[in-house]
Every structure is written in structure tokens, then in C-alpha cells.
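Fold and contact review
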Amino acid sequence: MALRTAAHLDVTLIEQRAVSLEKHRGSAYDAAGVDAVADRRSSALSYSSQQLLQRFGVWQDMAAWAAPIEQIVVSERGQFGQVALSSRECGVPALGYVIPNEALGQGMLSSMSDAGQGRFRLLSPATLSQASFTEDRYWALELATANGVIRENFDLLVLADGGQAAELCRMGLQAQGSASDALFRQHRHDYGQVAVIANIRSRTGHDNRAFERFIDEGAVALLPLAGDSSRWYSLIVTVNSDRALALDALEDAAFISEIQKLAGFEPGAFTAVRARQSYPLSLLDMPQQVGPGCVVIGNAAHTLHPVAGQGFNLTLRDVGALAHVLSSRQLQDAGVPAIEPALRAYGQMRYPDQRMLIEITDLLVELFMRPGSTLPASASDRPNRWLPEAVVSALRRSRRAGFALLNTMPFARREFAEAAMGLWAPQASPWQPASQSSASSGSITHAEAATST
């Protein structure tokens with residue numbers, strides 16, 4: 001959808017799951033009441049991400065299911081200091097939005113079906129089984145579909161499936177002698193933590209407020225959800241593996257009681273819980289994301305700890321930048337020969353933002369997830385080794401004072417909020433949402449997107 005104005009491109013979406021554009025034509029996300037909303041995982045969109053989705057032309061099909069975040073309260077269990085950030089103070093309608101993943105995905109499909117079938121094509125269900133890069137510099141793909149194996153050629157591959165397609169393409173390039181060993185290599189670090197996910201209901205309602213509370217071994221985050229008189233939160237608890245196993249073993253009533261102890265009563269008294277699940281947390285980083293006629297984006301290129309809630313927001317900025325270079329006049333005029341220079345420009349454009357957010361997120365884990373909650377770090381698997389451990393320890397000891405100090409400084413709070421909203425970036429880019437005021441200047445599905453000029 002970000003490429004909808006790029007008339008020189010024909011786009012094929014290769015999706016492993018069975019989905020259809022026809023059934024979404026003219027229809028947005030349709031859930032039968034709050035149960036449908038409460039039983040689905042959700043994503044936190046920064047304000048800049050909402051602006052990007054609006055620019056892509058997809059926001060109108062999902063906006064009804066998005067709960068605005070008008071205030072964020074960050075605190076630490078057992079301490080008086082806290083930081084409160086408000087949209088009114090920052091001069092924006094919302095600091096961000098929380099939306100069920102199903103509504104996000106269905107809204108995108110509805111928008112894609114309404115955009116017309118001419119330049120957009122969906123292959124579903126379909127899985128990439130083989131890829132080779134020819135001497136004529138196009139990609140020959142072999143795809144397994146419900147109707148058998150098909151073979152098609154494309155000028156550009158955008159790989160966003162979690163890594164399997166990228167590995168197949170890397171193997172295809174190596175067979176031709178066009179890939180280095182570093183291309184598409186993923187660096188991983190296991191945080192030794194687990195995210196426990198659920199939707200939890202408050203008796204008093206959330207009033208569009210979000211909470212993050214740091215606890216002994218991690219954090220508790222509560223994000224407001226739309227529907228049912230605004231009483232439901234999306235819950236994310238990050239704890240060590242043993243604590244996660246103990247939480248998973250609890251019956252719902254005991255689980256609610258334990259979460260209440262961890263979160264406190266400022267979000268209200270919890271009365272029900274649904275959609276409980278958990279998954280291990282790790283850092284994934286792919287330094288070299290651009291290859292001949294192909295690029296990796298999304299969780300396949302970078303997976304972050306949820307402490308800052310910025311992983312999907314980072315991906316949307318990748319999408320905006322990639323669409324910007326692929327829609328350029330240079331690519332329209334030069335065609336296929338301009339693809340690889342465009343991809344190199346994309347890589348240079350995105351590197352500072354990606355590196356900064358990866359390093360900041362990883363540093364936040366070290367500062368707020370207390371010793372013992374993460375595995376020992378080494379220079380080879382952690383991106384912020386440039387910061388000496390002595391400095392990290394000093395920052396960790398002073399974070400409580402920092403909470404209290406930040407809350408007394410409106411300008412500092414505003415800068416902090418702008419970072420949380422995704423309104424800062426290492427460099428100005430034409431594809432980023434513009435500032436609305438002086439106070440604030442911006443995987444739903446695992447898929448590979450292939451474009452043909």
C-alpha cells in the first residue's frame with residue numbers, strides 16, 4: 001500500500017497463510033463484540049506510525065479499533081518517583097494508539113482490495129521453496145501453492161517473513177558467487193526473559209492511559225484497548241524464565257491476583273483475563289540487509305525487546321523509507337538498472353535509525369531489568385558494548401533519581417515523549433510524518449513482497 005502511487009511497479013504479495021482480497025473488498029475489521037477484541041494480541045503504534053499508516057492509505061480501515069494513548073505513566077515498584085507523559089502537553093491528539101493485530105491485518109487487506117487489482121496481486125497460500133539470481137539480474141522463484149509448484153521472475157524481492165526466505169536467497173546468491181558470508185546473517189542474543197501476554201479487564205476502565213511499571217526482574221506494561229466501555233488492557237509482563245513458568249501455571253483467578261500485586265492499583269482492580277500466552281525474548285540484528293535485487297525488512301532484519309514497544313514502529317519507518325526510494329523519479333526513468341542504487345540508498349538512509357534504536361532498547365534492558373534477569377553479555381552479541389559496564393552500572397543506580405528529576409522538567413518530558421512517539425530520527429527524511437507543532441515535530445503477517453518493474 002505504501003507503493004500505491006508508484007505506477008511503474010507491479011506488486012505481488014506472497015503470503016503463506018490462506019487469505020483473500022475479495023472477502024475484504026469494501027469491508028473493514030468486523031468483530032462480534034468485545035470478546036473478539038479481547039481474545040486477540042495487540043500492537044502499540046507510536047504517533048508517527050499512525051501518521052505513516054494514514055499516509056499509506058490504510059488507517060481509515062482500522063481506526064475504529066484503535067484506542068488512543070493520551071497519557072503514559074512510567075514508574076518503579078516500591079519507589080515514589082514516576083514519569084507522567086500526556087498528549088495534551090505534547091500538543092498532539094494521542095501519544096500513540098493500541099490496536100488488535102487482527103484489525104491491523106484486516107484493515108491492510110481491505111485497503112489493498114479497494115486499491116484495485118490491476119497492479120496488485122496476491123498469491124495465497126504460497127511458500128517460497130527455491131530462489132536463484134540470474135545473470136540477467138532478475139530473481140527466478142519457485143513457489144509452492146495449493147495448485148502446485150509455479151515459477152515466476154521478479155526484478156526485486158522484499159523479504160519480511162522472519163528469515164527463511166532471506167536464507168534461501170542468500171544460498172541462491174552464494175551458488176552464483178554474488179553473496180558474501182555476512183549477507184543476511186542474523187546476530188542473536190538471548191535475554192533470558194519471557195514475555196507473558198494477555199488481555200486483562202479493569203473494573204474502573206483505563207481512560208486511555210497506559211502504564212509501564214518496572215519490577216524486580218522485568219516490567220509490567222498495560223496498554224488501553226478499544227471496546228467494552230474501554231475496560232480492557234493489553235498486558236505484557238517481562239520476567240525471567242522461572243517466573244514466567246510460575247505465572248503460566250496459575251489459574252486465571254490466581255494469575256489476576258499476582259498481576260495486581262505486580263502492577264499495583266493505579267490501573268484499577270482487575271476482574272477478568274483472556275488470551276494468555278508467552279514467548280521468549282531475544283535481540284535479533286541483521287547488519288547487512290541489502291543484497292543484489294533484494295532487501296530484508298521487519299522482524300527478519302531486527303527484533304527488539306518490548307521494553308520500549310518500538311519493534312513494529314521501526315519496521316513501519318523501514319517501509320516508509322523503502323517506498324520512498326522505490327517511488328523515486330530515478331527508478332521510474334531508469335527502470336531495473338536503478339534498483340540496486342536505490343536499495344543502497346535505502347540501506348544508508350535506515351542504518352542510523354536502526355542502530356540507534358537497537359542500542360537504546362538494549363541499554364534500557366540493562367538499566368531497568370535488574371542483574372540476574374539477563375544472561376551475561378559479550379562483545380560479540382550485544383550492540384551497546386561501546387558503553388563500559390561501569391557506566392551502565394552507574395546509570396542503573398541513578399535511574400530512580402532520574403525518574404523524579406524528569407518529572408519536574410517539562411521540556412525534558414516533552415523530548416522524552418517525542419522519542420516515545422517516534423518523532424525523532426537521526427536525520428530528516430521526506431517520507432517521515434512532518435511536525436504538527438513546535439512541541440512535536442514519526443508482523444501482522446509473515447510474507448515476502450515481490451515487485452516487478
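So, a few notes on the structure that sits alongside this text.

Cut-offs applied
Residues numbered from 1 in each chain as written. Predicted model: local features only at pLDDT ≥ 70, side-chain atom pairs only at ≥ 80, totals over all residues. Heavy atoms only, no water. Phe/Tyr/Trp six-rings, centres within 6.5 Å; stacked < 30°, edge-to-face > 60°. Helix = DSSP H or I, 4+ residues; strand = E, 2+ residues; numbered from the N terminus. Buried < 20%, exposed > 50% of the residue type's maximum accessible area, 1.4 Å probe, protein only. Lys NZ or Arg CZ within 6 Å of the ring centre and 35° of its normal. Pairing = 2+ DSSP bridges. Axes fitted to C-alpha atoms, helices over the stretch in contact; angles between N-to-C directions. Contact = heavy atoms within 4.5 Å. Left-handed = near helix turned anticlockwise from the far one by under 90°. Nonpolar A, V, L, I, M, F, W, Y, C, P; charged D, E, K, R; others polar. Core = buried A, V, L, I, M, F, W, Y, C linked by side-chain atoms within 4.5 Å.

1. Observations regarding the packing of aromatic side chains
- Under the defined criterion, the tally for this structure stands at three aromatic pairs.
- Ring plane angle 65 degrees and centroid distance 5.3 Å describe the contact between W59 and Y97, whose orientation is recorded as edge-to-face. Here Y97 lies in strand 6 (residues 96–100) and W59 lies in the loop between helix 2 (47–56) and strand 3 (67–69), a separation of 38 residues in the sequence.
- Judged by its relative accessible area of 8%, W59 falls in the buried class.
- When its relative accessible area of 12% is taken as the criterion, Y97 is described as buried.
- Its end group placed over the ring of F255, R276 keeps NZ or CZ at 4.1 Å from the ring centre.

2. Here we look at the sheet that holds strand 9 (residues 139–145)
- Strand order in the open sheet formed by three strands is 8-9-10, and the pairing between neighbours is antiparallel. At either margin of the open sheet sits one strand with a lone partner, and together these are strand 8 (126–133) and strand 10 (148–154). Each strand of the sheet is rotated relative to its neighbour by a mean of 25 degrees, with strand direction disregarded.
- Direction of pairing for strand 8 relative to strand 9: antiparallel, over a ladder of seven bridges. When the sheet's bridge partners are listed, F133 is paired in strand 9 with W139.
- Helix 5 (residues 164–176) contacts strand 8 and strand 9 of the sheet and is inclined by roughly 20 degrees relative to strand 8.

3. Structural notes on the sheet that holds strand 3
- Read from one edge to the other, the open sheet built from three strands follows the order 2-6-3, with strand pairing classed as antiparallel. Of all the strands in the sheet, the pair left with one neighbour each is strand 2 (42–46) and strand 3. Direction aside, the axes of adjacent strands within the sheet are offset by 25 degrees on average.
- Pairing analysis gives five bridges linking strand 2 to strand 6, with the strands arranged antiparallel. Directly across from S43, in strand 6, lies its bridge partner I99.
- Sheet strands in contact with helix 2 are strand 2 and strand 6, and its direction is about 95 degrees off that of strand 2.

4. Description of the packing of helix 2 against helix 8 (residues 311–326)
- At a minimum axis distance of 10 Å, the contact between helix 2 and helix 8 shows a crossing angle of 40 degrees. Regarding helix 2 and helix 8, the two cross each other, and that crossing is left-handed. Here S49, L52, L53 and F56 of helix 2 come into contact with helix 8, specifically with N313, L316, R317, V319 and G320.
- Among the residues making up the contact of helix 2 with helix 8, the classes are represented as five nonpolar, three polar and one charged.

5. Structural notes on the nonpolar core
- Counting 72 residues, the largest nonpolar core has L45, L53, I99, L322 and L326 as its most contacted members.
- In terms of nonpolar packing, the next biggest core, distinct from the first, is built from 25 residues, L157, L159, L173 and A179 among them.

6. Concerning the side chain of T315
- Take T315: it is sitting in helix 8.
- Look at T315 and you get buried, because its relative accessible area is 10%.
- Residue contacts for T315: discarding those within four places in its chain leaves G298, N299 and H302.

7. Topic: the pairing of strand 15 (residues 232–240)
- Of all the nine residues making up strand 15, eight are buried; the element is thus mostly covered by neighbouring parts of the structure.
- In the sheet, strand 12 (residues 187–202) pairs with strand 15 via nine bridges, with the strands oriented antiparallel. From the neighbouring strand, I197 faces strand 15, where its bridge partner is I236.
- In this sheet, strand 15 lies alongside strand 14 (residues 218–224) in antiparallel orientation, the contact comprising six bridges. Bridge assignment links L223 to a residue of strand 15, and that residue is S234.

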